[in-house]
Amino acid sequence: MENKKNKILYFPKVREAAFKETEIPAPSAGELLIKTRRTLISTGTEMTAYCGEFEAGTTWEKHFSCPYYPGYNNIGTVVGVGEGVEGDWLGKRVATNCAHAAYVVKLLHGSENQAKGKGECHLVPDPIEDDDAVFFMIPQIVMNGIRASKIQWGECAVVYGLGLLGQFAVRFLLEAGACPVIGVDMAEYRLELLPDSPAVIRVNPAKENVEDVLRRGNSGRKADVVIELTGNASLLQQEAALLREKGRLVILSSPKHAVEFDFHDFCVWPSISIIGAHNFSHPDHPQADYPWTSSRHVDMFFDLVRLGLLDMKGLVSRKLNWKDAPEAYKILDRDRGGEMGIILDWSDAE
């Protein structure tokens, strides 16, 4: 790879995306060198970092301040291996949580580092196209949250926020037997992307009262589960108010600001459970009574796609050349509600 340079996307400062050129990394012992094929822009986490939408002294500031290197959905081909890695890895397609860059390196067996957020390396089955596989981290996150909700067949679930995470949440709740599933968002575009199922109810809170729609669609009852996916902490109290006694509020988003919450009236009195479900809460190793590691969830996602059991239609709003990434962030900054998955194609990055 003489004379070639690696291109890495980063945010040098708030509301600015650019590329940095570095040497192509050499894989160390136990590592793979991967040439990127596709990456997926996160309209949540990455845009929070891009816009600097967080408060001083928070975990957000500690981990997402500029300069920041975004990206955690990467599909690529193994083009080099470090010491101790079998040569038959060369040419294989892999999914990793690496950044937006032409070349990345990844520790092959990363499960021992998962608690530190370093993730794992997953083989991509041949029948699955890059443009589907690149979503893998999003459903992994959602699957973990749906399991944390302990949803049961026949329970009513409300999903607040219908970006990519919310779209997958509605689909997985249906697969888990929830009925009805109520999707809430102020963007009509997002509401229209929900599965065409009699069990799905669409609500625009700017036009209708969410609780009224909930009770009409759920035989007069409140919800059993509410999934928070807006990232807007000011909505938590009104989301909790939609729950029945001993219902579950699952915070699957990453709220960016502190808010006041009346715990007596909205948590203690109705005895609801508030469940945090960050992706890092996946177990490091499978257990006999709970085998659902992050790797197992990725395998499940690939199986659902391979078998045609997961409707991905409409979840890609743009597919761009990697060079157009800075403009993509500007587009999202203007209107996130009008976008879904934005894929970056790195095929011609040398």
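Above: the structure in question.
Quick summary incoming for the structure in this document.

Rules used in this analysis
Residues numbered from 1 in each chain as written. Predicted model: local features only at pLDDT ≥ 70, side-chain atom pairs only at ≥ 80, totals over all residues. Heavy atoms only, no water. Helix = DSSP H or I, 4+ residues; strand = E, 2+ residues; numbered from the N terminus. Contact = heavy atoms within 4.5 Å. Lys, Arg positive; Asp, Glu negative; His and termini not counted. Charge placed at Lys NZ, Arg CZ, Asp CG, Glu CD. Expected span 1.5 Å × (residues − 1). Buried < 20%, exposed > 50% of the residue type's maximum accessible area, 1.4 Å probe, protein only. Phe/Tyr/Trp six-rings, centres within 6.5 Å; stacked < 30°, edge-to-face > 60°. Lys NZ or Arg CZ within 6 Å of the ring centre and 35° of its normal. Disulfide = S-S within 2.5 Å. Pairing = 2+ DSSP bridges. Axes fitted to C-alpha atoms, helices over the stretch in contact; angles between N-to-C directions. Core = buried A, V, L, I, M, F, W, Y, C linked by side-chain atoms within 4.5 Å. Salt bridge = Lys/Arg side-chain N within 4 Å of Asp/Glu carboxyl O. Arc of directions from axis to C-beta. Right-handed = clockwise from strand over helix to strand, strands pointing away. Parallel < 35°, antiparallel > 145°, perpendicular 65-115°, else oblique. Nonpolar A, V, L, I, M, F, W, Y, C, P; charged D, E, K, R; others polar.

### A closer look at the overall build of the protein chain
Logical step 1: From N to C terminus, the protein chain includes 11 helices and 15 strands.
Logical step 2: Along the first, second and third principal axes, the C-alpha atoms of the protein chain reach 70 × 45 × 35 Å.
Logical step 3: The long-range fraction of contacts in the protein chain, counting pairs at least 24 apart against all pairs at least 6 apart in sequence, stands at 68%.
Logical step 4: Averaging the coordinates of the 38 positive side-chain charges in the protein chain and doing the same for the 48 negative ones gives two points 1 Å apart.

### Some remarks on helix α4 (residues 137-149)
Logical step 1: The terminal C-alpha atoms of α4 lie 19 Å apart, and with 13 residues this matches the ideal 18 Å at 1.5 Å per residue to within 8%.
Logical step 2: Among the 13 residues in α4, 11 count as buried, and that is most of the element.
Logical step 3: Listed in full, the buried residues belonging to α4 are M137, I138, P139, Q140, I141, V142, M143, N144, G145, I146 and S149.
Logical step 4: On the buried face of α4, the contacting elements are β3 (31-41), β7 (121-123), α5 (164-175), β11 (223-228), β12 (243-251) and α10 (294-306).
Logical step 5: Positioned one or two residues after α4, K150 has a phi angle of 55°, which is positive.

### Notes on the packing of aromatic side chains
Logical step 1: Per the stated rule, a full pass over the model turns up 17 aromatic pairs.
Logical step 2: Between F64 and Y68, the aromatic rings sit 5.4 Å apart at their centres with planes inclined by 45°, giving tilted as the arrangement.
Logical step 3: Taking relative accessible area as the criterion, Y68 reaches 14% and is therefore assigned buried.
Logical step 4: Taken together, the aromatic side chains of F11, Y50, F54, W60, F64, Y68 and Y329 make up a single cluster linked through ring pairs.
Logical step 5: Cation over ring: R296 sits above W292, and NZ or CZ is 4.3 Å from the ring centre.

### Let's talk about the state of the cysteines
Logical step 1: A complete count under the given rule lists 0 disulfides for this structure.
Logical step 2: Looking at the unpaired C121, the closest cysteine sulfur is the one in C98, lying at 8.0 Å.
Logical step 3: As a non-bridged cysteine, C179 has C156 as the owner of its nearest cysteine sulfur, 8.4 Å distant.

### Looking at the sheet that holds strand β9 (residues 181-184)
Logical step 1: In space, the 6 strands of this open sheet follow the order β10-β9-β8-β11-β12-β13, with parallel pairing throughout. Of all the strands in the sheet, just β10 (200-203) and β13 (273-276) have a single pairing partner and so form its edges. Neighbour-to-neighbour, the strand axes of this sheet turn through a mean angle of 20°, independent of strand direction.
Logical step 2: Sheet analysis places β9 next to β10, joined by 4 bridges and oriented parallel. Of the residues in β10, the one forming a bridge with G183 is R202.
Logical step 3: Packing of α5 onto the sheet brings it into contact with β8 (157-160), β9, β10 and β11, and relative to β8 it is tilted by some 170°.

### Brief notes about the nonpolar core
Logical step 1: Among the nonpolar cores identified, the biggest contains 49 residues, and F135, V159, F168, L173, I227, F301 and F302 are the most heavily contacted of them.
Logical step 2: Of all the secondary-structure elements, those providing two or more residues to this core are α4, β8, α5, β11 and α10.
Logical step 3: Not counting residues up to four positions away in its chain, the partners in contact with I227 are I146, S149, V158, V159, Y160, L173, V250 and L252.
Logical step 4: By size, the runner-up hydrophobic cluster in this structure holds 26 residues, among which are F11, I24, Y50 and A349.

### Some remarks on the pattern of salt bridges
Logical step 1: One pass over the structure, following the stated rule, counts 19 salt bridges.
Logical step 2: A salt bridge links D345 to R38, with the shortest nitrogen-to-oxygen separation between them at 3.1 Å. Residue D345 is found in strand β15 (residues 341-345), and its partner R38 is found in strand β3; the two are separated by 307 residues along the sequence. R38 shares its class with D345; the two are buried.

### Brief notes about α10
Owing to its 3.6 residues per turn, the α-helix aligns residues three or four sequence positions apart on the same side.
Logical step 1: The terminal C-alpha atoms of α10, which comprises 13 residues, lie 18 Å apart, in line with the 18 Å expected from a rise of 1.5 Å per residue.
Logical step 2: Buried within α10 are the following residues: S294, H297, V298, F301, F302, L304 and V305. An end-on view of α10 places all buried positions within 160° of arc, on one side of the element.
Logical step 3: Lining the buried residues of α10 we find β5 (93-96), β7, α3 (130-133), α4 and α5.

### Side note on the pairing of β13
Logical step 1: Relative to β13, β12 is paired through 4 bridges, and the arrangement is parallel. Within β13, the residue paired with R248 across the bridge is S273.
Logical step 2: Assessed by its sense of winding, the connection that carries the chain from β12 through helix α9 (residues 263-268) to β13 is right-handed.

### Observations regarding the pairing of β8
Looking along a regular strand, one sees the side chains alternate between the two faces of the sheet.
Logical step 1: Both faces of β8 are covered, namely the face carrying A157 and V159 and the face carrying V158 and Y160.
Logical step 2: Judged from the 4 bridges that link them, β8 and β9 form a sheet pairing that is parallel. Across the sheet, the residue bridging to V159 is G183, located in β9.
Logical step 3: Between β8 and its parallel partner β9, the chain crosses via α5, and the hand of that crossover is right-handed.

### Some remarks on the packing of α4 against α10
Logical step 1: Between α4 and α10, the shortest axis-to-axis distance is 9 Å and the interhelical angle comes to 110°. By the criterion of interaxial angle, the relationship of α4 to α10 is roughly perpendicular. In contact with P139, Q140, M143, N144 and R147 of α4, α10 contributes S294, H297, V298, M300, F301 and L304.
Logical step 2: Partitioning the contact of α4 with α10 into residue classes produces 6 nonpolar, 4 polar and 1 charged.

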